[in-house]
Every structure is written in C-alpha cells, then in structure tokens.
Amino acid sequence: LDATHDYCSDNENLDSLWEVLARGREQIGLDQLRDAVEAAFQLFVRKRNPKRRVQAEKRSARYVDEIMREVVPLVDKDGNYKVSRDEFDHYGKYLKVQWKLLQTDLHR
C-alpha cells in the first residue's frame, strides 16, 4: 500500500513499486499484479473516505475482479499470464490516470 501511495503521489518512480512486487524477478504473475490492484483499490477507498474502514478482502474481491478484467488486457500484452517490467509500465500509466481522476473528483 505504501509503495502504491508513493508512486501515485510522485514520491517514488514505478521501479520502486515493481521491486516490491517482483522481488528481483524479471516477471511477475497475475497474483502479484492482483496484489498491486488490491493495494491500489484500498488506497483509493481510503483517499475517497478517510473515515471509512478499509473493506475486508472478501468484500473488496468483486471490485478487484472487475479492475483485473480491465487491467490484465492492458498489461499482459503477450497473453502469457506473466507481466514483464516493460509491460508493467502500462499498469503504471493506468494507475496514474485513475489517481488523477480520483484527485479531480475529490476536489470538486
């Protein structure tokens, strides 16, 4: 969650988030991508309503599933169910767009 926040807030670059997920590997699986999506979802929930308790994993699973259906085709370009560092750039761009949309929405 911290690495996602740091990236979205421009305190760190995407390499820092990648390292948290990849732990020295050249690729991550969709499980690690899902972990990143889950962390982003929880971050966005907290930003939208700081007083609301973060949803339990079971309750947030359907939202994360929806996001994964959107993100996987954007990120896993070769369809091998693995994400390379280069492919991960697409997730970074997606995350930044969503973060900007959230910030715009919060400042209305």
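Starting afresh in each chain, residues are numbered from 1 along the sequence in its written order. Given that the model is predicted, a residue must reach a pLDDT of at least 70 before its local features are reported, and side-chain atom pairs must reach 80 or more before they are shown or counted; all residues, however, enter totals for whole chains, interfaces and linings. Only hydrogens and water are removed before side-chain values are computed, so all heavy atoms of the structure are retained for them.

A. Spotlight on the packing of aromatic side chains. In this scheme Phe, Tyr and Trp rings, the latter by its six-membered ring, pair at centre separations within 6.5 Å, and the angle between planes marks the pair as stacked below 30 degrees, edge-to-face above 60, and tilted otherwise. Within the structure shown, the criterion is met by five aromatic pairs. Note on F41 and Y63: the rings are 5.6 Å apart at their centroids and 15° apart in plane angle, and the pair reads as stacked. Here F41, found in helix 3 (residues 30-48), pairs with Y63, found in helix 4 (residues 57-75); they are 22 residues apart in sequence, far enough to count as distant. Pairing Y91 with Y94 gives two aromatic rings, centres 6.5 Å apart and planes at 25°, and the pair type is stacked. One end of the pair, Y91, and the other, Y94, are both in helix 5 (residues 85-106), three residues apart, so they sit about a helical turn from each other. The pair Y91 / Y94 is uniform in exposure class, with both members buried. Members of the aromatic cluster, each reached through a chain of ring pairs, are W18, F88, Y91 and Y94. Geometry around Y7 places K96 over its ring, the cationic atom sitting 4.5 Å from the centre. Only DSSP runs of H or I reaching four residues or more are called helices, and only runs of E reaching two or more are called strands; each is numbered from the N terminus. Under the scheme applied here, a residue whose accessible area is under 20% of the maximum for its type counts as buried, over 50% as exposed, and between as partly exposed, the area being computed with a 1.4 Å probe on protein chains only. A ring has a charge above it when a Lys NZ or an Arg CZ is no more than 6 Å from the ring centre and no more than 35 degrees off the ring normal.

B. Up close: helix 5. Over its 22 residues, helix 5 extends 31 Å from the first C-alpha to the last, a length consistent with the 32 Å expected when each residue adds 1.5 Å. Buried within helix 5 we find E87, F88, Y91, G92, Y94, L95, K96, W99 and L102. One fewer than the residue count of a helix, multiplied by 1.5 Å, yields its expected span.

C. Fine view of the environment of E12. The topology assignment puts E12 in the loop between helix 1 (2-8) and helix 2 (14-22). Separated by 90 residues in sequence, E12 and L102 place their C-alpha atoms 19 Å apart. Within the local environment of E12, its side chain forms a polar contact with the side chain of S16, the two groups lying 2.8 Å apart. Whenever a nitrogen or oxygen atom comes within 3.5 Å of another N or O atom, the pair is scored as a polar contact, on the condition that within protein one atom can donate a hydrogen and the other can accept it, and that pairs from neighbouring residues in sequence are kept only if both atoms are in side chains.

D. Local environment of the packing of helix 3 against helix 5. The geometry of helix 3 relative to helix 5 is characterised by a closest axis approach of 11 Å and an angle of 10° between their N-to-C directions. With respect to helix 5, the axis of helix 3 lies roughly parallel. Facing L33, A36, V37, A40, L43, F44, K47 and R48 of helix 3, the residues of helix 5 in contact are F88, Y91, L95, Q98, W99, L102, D105 and L106. Polar here means any residue outside two lists: the nonpolar Ala, Val, Leu, Ile, Met, Phe, Trp, Tyr, Cys and Pro, and the charged Asp, Glu, Lys and Arg; Gly therefore counts as polar. Here the residues of the contact of helix 3 with helix 5 sort into twelve nonpolar, one polar and three charged. Axis lines are fitted to C-alpha atoms, over the contacting stretch for helices. Their N-to-C directions set the angle, which ranges from 0 to 180 degrees. Angular relationships are summarised with four words: roughly parallel below 35 degrees, roughly antiparallel beyond 145, roughly perpendicular across 65 to 115, and oblique for the angles in between. Whether two residues touch is decided by their heavy atoms; if any such pair falls within 4.5 Å, the residues are in contact.

E. View of the nonpolar core. Formed by 29 residues in total, the largest nonpolar core has its most connected members in L17, I28, L33, F44, F88, Y91 and L95. Broken down by secondary-structure element, the contributors of at least two residues to this core are helix 1, helix 2, helix 3, helix 4 and helix 5. Examining the composition of this core, we find that eight residues originate from one element, helix 3, more than from any other. Residues grouped as a nonpolar core are buried Ala, Val, Leu, Ile, Met, Phe, Trp, Tyr and Cys residues, joined through side-chain atoms within 4.5 Å.

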